[in-house]
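Examination of the molecular architecture
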Amino acid sequence: MESTAYLQPAEQSTKNPETEYTRSMKRHFPSFGIGCLLYSAFYAFCLYKNTSGITYPFFVIGTLCCFFFSSKKLGVPFKKDSVFYITGITLLGISNSMTNSLPILFMNKCGLFLLSFLLMLHTFYNDRTWNFPKYVTAFFHTIGSCFCCLFRPLSDMVSYFDAEKQEKTRGKNYFLPALIGFAIAIPLLLCMTMLLAGADAIFENMLVRLIKALNIWEVIKILFLITMVFFSSYALLSALCRKDVSENTEEKSGFDPVIAIVFTSLLGILYLFFSVVQILYLFIGKMQLPENYTYAGYAREGFFQLLAVSIINFLLVLICLYLFRESRTLRVILSVICGCTFIMIFSSALRMILYIDTYALTFLRLFVLWALAVIFFLMAGVTTFIFYRRFPLFLYGLSVVSICYITLSFYRPDCLIARYNLENGADYDYLSRLSADAAPIILDSSANPYLVSVDDMLEKMAVDKNGNYNDDYYHELYWIKSYYCKMEYRARGMGIRNFNFSLYQAGKYLK
């Protein structure tokens with residue numbers, strides 16, 4: 001675990017961004033430069049106009065291999081506990097090729113970015129003593145360093161060639177002559193091509209047809225993407241090599257706890273009163289409600305506000321724990337706030353369940369229930385941290401969020417939503433907008449009570465000679481036909497690069 005990765009003091013690197021690793025990148029610029037260029041081309045091949053294809057898991061695995069190869073080249077060792085990050089990243093990459101749900105795909109990519117960044121920080125730094133604020137600071141500090149290193153490939157290339165000139169070596173270096181040759185060849189090729197096209201009409205015609213076949217605009221966009229990824233990846237590696245984030249977690253004296261005691265105690269009183277109301281009105285339902293208010297109507301409102309308050313309370317407790325000095329009184333008040341937050345979480349969840357029971361299930365409503373469950377586990381960790389300060393809160397929180405989200409991602413929420421709504425009655429227009437994940441429910445006659453068979457639906461929804469539908473079946477089957485046509489269009493455009501298991505499974509129900 002201990003290695004040369006920690007021999008460079010962080011305080012020294014703050015004063016001088018040049019470290020042994022940055023000097024190593026300069027000395028081996030051809031290796032890192034060409035490596036980043038190949039990675040950029042690999043990135044474009046896997047992800048260009050391909051948000052959820054089969055290439056995504058290969059891209060994720062390839063990225064991990066490139067990172068650890070670069071780390072090994074720099075002399076940074078592999079840490080055994082990095083397996084947690086690697087497993088999470090790999091699972092998210094696999095999930096991307098198995099779902100067609102846009103919200104899940106978006107959150108998968110956010111999760112991939114965050115876990116990958118944390119893996120890089122964990123690899124280059126000794127983060128055993130880091131807490132939540134330290135990780136946040138290191139994250140944004142490294143992001144800022146990336147912008148400072150955007151043009152590092154150019155400066156490292158110049159430094160490399162200057163060093164090659166000064167150092168007399170027996171072997172001849174062909175990298176610079178080849179680079180100069182390419183630089184001369186590009187304008188010459190353009191000039192000669194234009195002259196030859198003007199000299200021969202047949203050659204010009206063939207050239208025009210070739211340009212149209214190549215789709216120059218697409219080529220330009222791909223080259224631009226490759227360039228951006230090249231500079232970004234090299235800059236990120238350079239920022240990590242600078243090691244300008246202090247590895248020490250400074251123990252600050254903190255603010256006077258009386259400040260926190262005053263405002264948290266007032267909040268605690270408010271939360272206690274609110275919690276009593278929740279227990280008496282919502283959980284037990286024994287007290288009289290306001291005039292013109294039904295119990296069902298009372299229960300089916302306010303869940304988003306309670307979700308917001310629960311999140312604010314979670315952040316508030318963390319801020320008080322990290323910014324204010326130790327105080328037994330403050331710990332007791334914060335534990336009361338945590339207890340009231342648990343009641344708010346249960347209240348919001350109950351309200352949402354009652355709301356879903358009346359107005360059907362959507363992705364947002366399901367996500368709210370998931371978020372409440374995650375906040376419950378996080379608050380349990382914070383409550384433990386209040387009384388046991390050695391509790392690894394950041395790693396616990398990271399594990400909770402990662403495991404809960406990966407479970408949600410692989411569970412295919414759209415499939416659950418379709419099954420629940422068809423069993424309990426729903427907004428069928430919403431069902432028609434679900435992703436291919438819901439196809440095994442919507443297009444399966446054994447799961448969809450409104451569908452006899454796909455063939456029967458297509459026959460009943462076929463237009464007549466005048467272009468009209470059969471009125472007897474139009475309103476009943478239109479949403480299924482709309483969903484069917486959407487799946488047919490998406491499955492038809494699937495190729496080798498953008499092959500998606502969810503779309504493939506949906507395609508089995510198409511005729």
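As the structure is a computational prediction, the values presented were derived from the model and not from experiment.

1. Re the nonpolar core
In terms of nonpolar packing, the biggest core is built from 123 residues, with L74, F124, L434 and I442 touching the most fellow members. Apart from the residues within four sequence positions on either side, L74 is in contact with Y21, S24, M25, F32, F124, L237 and C241.

2. Here's the deal with the packing of aromatic side chains
Evaluated as defined, the whole model comprises 37 aromatic pairs. For the pair F84 and Y85, a centre-to-centre distance of 5.7 Å together with 75° between the ring planes defines the contact as edge-to-face. A residue is classified by how much of its surface remains accessible, and F84, at 33% relative accessible area, is partly exposed. An aromatic cluster is present here, built from F29, F151, Y160, F230, F231 and Y234 joined pairwise through their rings. Stacked on the ring of W130, the Lys or Arg K134 has its end atom at 5.6 Å from the ring centre. Sitting over the face of the ring of Y125, K243 holds its NZ or CZ atom 4.4 Å from the ring centroid.

3. Quick notes on helix α18 (residues 413-424)
Helix length check: α18, at twelve residues, gives a terminal C-alpha distance of 16 Å against a target of 16 Å (1.5 Å per residue), a fit within 8%. When we look at burial in α18, the residues that qualify are P413, D414, C415, I417, A418, N421 and L422. After α18 finishes, the residue G425 shows a positive phi value of roughly 85°.

4. Description of empty space enclosed by the protein
In total, this model carries one cavity of 30 Å³ or more according to the counting rule given. Secondary-structure elements contributing two or more residues to the lining of the largest cavity are α14 (303-323) and α15 (328-359). For the lining of the largest cavity, the class distribution of residues is five nonpolar, one polar and four charged.

5. Quick notes on the side chain of S327
Residue position: S327 is located in the loop between α14 and α15. Relative accessible area serves as the criterion here: at 13%, S327 is assigned to the buried category. Aside from chain neighbours lying at most four places away, what touches S327 is P257 and I261.

6. Observations concerning the pattern of salt bridges
As enumerated under the stated definition, the model contains eleven salt bridges in all. Note that E326 is salt-bridged to R331, the shortest N-O span being 2.8 Å. According to the relative accessible area criterion, R331 is partly exposed, its value standing at 22%. Residue K460 pairs with D456 through a salt bridge whose shortest N-O separation is 3.1 Å. Here the residue K460 and the residue D456 both occupy positions in helix α21 (residues 454-460), the gap between them amounting to four residues, near one helical turn. Accessibility expressed as a relative area gives 24% for K460, which makes it partly exposed.

7. Some details on helix α4 (residues 55-74)
The α-helix winds at 3.6 residues per turn, so residues separated by three or four positions along the chain end up facing the same way. Helix length check: α4 (20 residues) gives 28 Å between terminal C-alpha atoms against 28 Å at 1.5 Å per residue, within 8%. For α4, every residue scored as buried is listed here: T55, Y56, P57, F59, V60, G62, L64, F67, F68, S70, S71 and L74. Where α4 is buried, its residues touch α2 (20-27), α3 (29-47), α5 (83-96), α6 (102-124) and α11 (216-242). Two residues or fewer after α4 comes G75, characterised by a positive phi angle close to 95°.

Definitions and cut-offs
Residues numbered from 1 in each chain as written. Predicted model: local features only at pLDDT ≥ 70, side-chain atom pairs only at ≥ 80, totals over all residues. Heavy atoms only, no water. Core = buried A, V, L, I, M, F, W, Y, C linked by side-chain atoms within 4.5 Å. Buried < 20%, exposed > 50% of the residue type's maximum accessible area, 1.4 Å probe, protein only. Contact = heavy atoms within 4.5 Å. Phe/Tyr/Trp six-rings, centres within 6.5 Å; stacked < 30°, edge-to-face > 60°. Lys NZ or Arg CZ within 6 Å of the ring centre and 35° of its normal. Helix = DSSP H or I, 4+ residues; strand = E, 2+ residues; numbered from the N terminus. Expected span 1.5 Å × (residues − 1). 1 Å grid on protein atoms, 1.4 Å probe; cavity = no way out; pocket = protein on both sides within 12 Å on 5 of 7 lines; lining within 4 Å. Points joined across faces, edges and corners; volume = space filled by probe spheres on them. Nonpolar A, V, L, I, M, F, W, Y, C, P; charged D, E, K, R; others polar. Salt bridge = Lys/Arg side-chain N within 4 Å of Asp/Glu carboxyl O.

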